[in-house]
Amino acid sequence: MTRGILIVSTVVLTGAASAETTAELHENELNAIDTNNDGFLSRDEFNAFSDYAFQEMDEDKNGTLGLDEAKPFLDIKQFQNVDRNNDDFISRAEYDAQMNDDFNSADQDGNGQLD
């Protein structure tokens, strides 16, 4: 299940979080993220999931994602897009900024939840 949830993170992190993409995700992974089981992902649920995903990907627990840690989930171009200061690491701030941007892009009707 962890690998499936991290794949969900990759979909979101790469900016592909649209209603169409979300519908294609495995129901069990979505149910694990939708903690109140209302069929929607609130910003709080999304943020909790994002925190979990970052911690799981950060294998050496140093607070950043190096290319080797991200490689199973992001290609080099995606990694470079998230690495906004081009230091070859994705900091927690860069990750959070990307996840926030992705949530806002996916929240097409602006209601604060992904449906």
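The following refers to the structure shown. (Residues numbered from 1 in each chain as written. Predicted model: local features only at pLDDT ≥ 70, side-chain atom pairs only at ≥ 80, totals over all residues. Heavy atoms only, no water.)

## Digging into the overall build of the chain
- Secondary structure summary: the chain contains seven helices and four strands in total.
- When the elements of the chain are put in sequence order from the N terminus, they spell out α-α-α-β-α-β-α-α-β-α-β.
- Within the chain, buried positions represent 40% of all 115 residues.
- Of the contacts made within the chain by residues no fewer than 6 positions apart, 55% connect residues no fewer than 24 positions apart.
- If you sum the accessible surface of the chain, you get close to 6,300 Å²; carbon and sulfur atoms cover 47% of it. (Helix = DSSP H or I, 4+ residues; strand = E, 2+ residues; numbered from the N terminus. Buried < 20%, exposed > 50% of the residue type's maximum accessible area, 1.4 Å probe, protein only. Contact = heavy atoms within 4.5 Å. Areas by Shrake-Rupley, 256 points an atom, 1.4 Å probe, with all protein chains shown as cover.)

## Some details on the pattern of salt bridges
- Evaluated as defined, the whole model comprises four salt bridges.
- Of the charged contacts, one joins Asp-51 and Arg-92 as a salt bridge, the two residues approaching to 2.9 Å between their closest N and O atoms. Here the residue Asp-51 occupies a position in helix α4 (residues 43–57), and Arg-92 occupies one in helix α7 (residues 92–106), the gap between them amounting to 41 residues.
- Look at Asp-51 and you get partly exposed, because its relative accessible area is 29%. (Salt bridge = Lys/Arg side-chain N within 4 Å of Asp/Glu carboxyl O.)

## Digging into the environment of Gln-98
- Of note, Gln-98 is situated in helix α7.
- For the pair Gln-98 and Asp-83, spaced 15 residues apart in sequence, the C-alpha to C-alpha distance is 9.4 Å.
- Within the local environment of Gln-98, its side chain forms a polar contact with the side chain of Arg-84, the two groups lying 3.2 Å apart. (Polar contact = N/O pair within 3.5 Å; in protein donor to acceptor, adjacent residues only side chain to side chain.)

The analysis is restricted to geometry; functional conclusions fall outside its scope.
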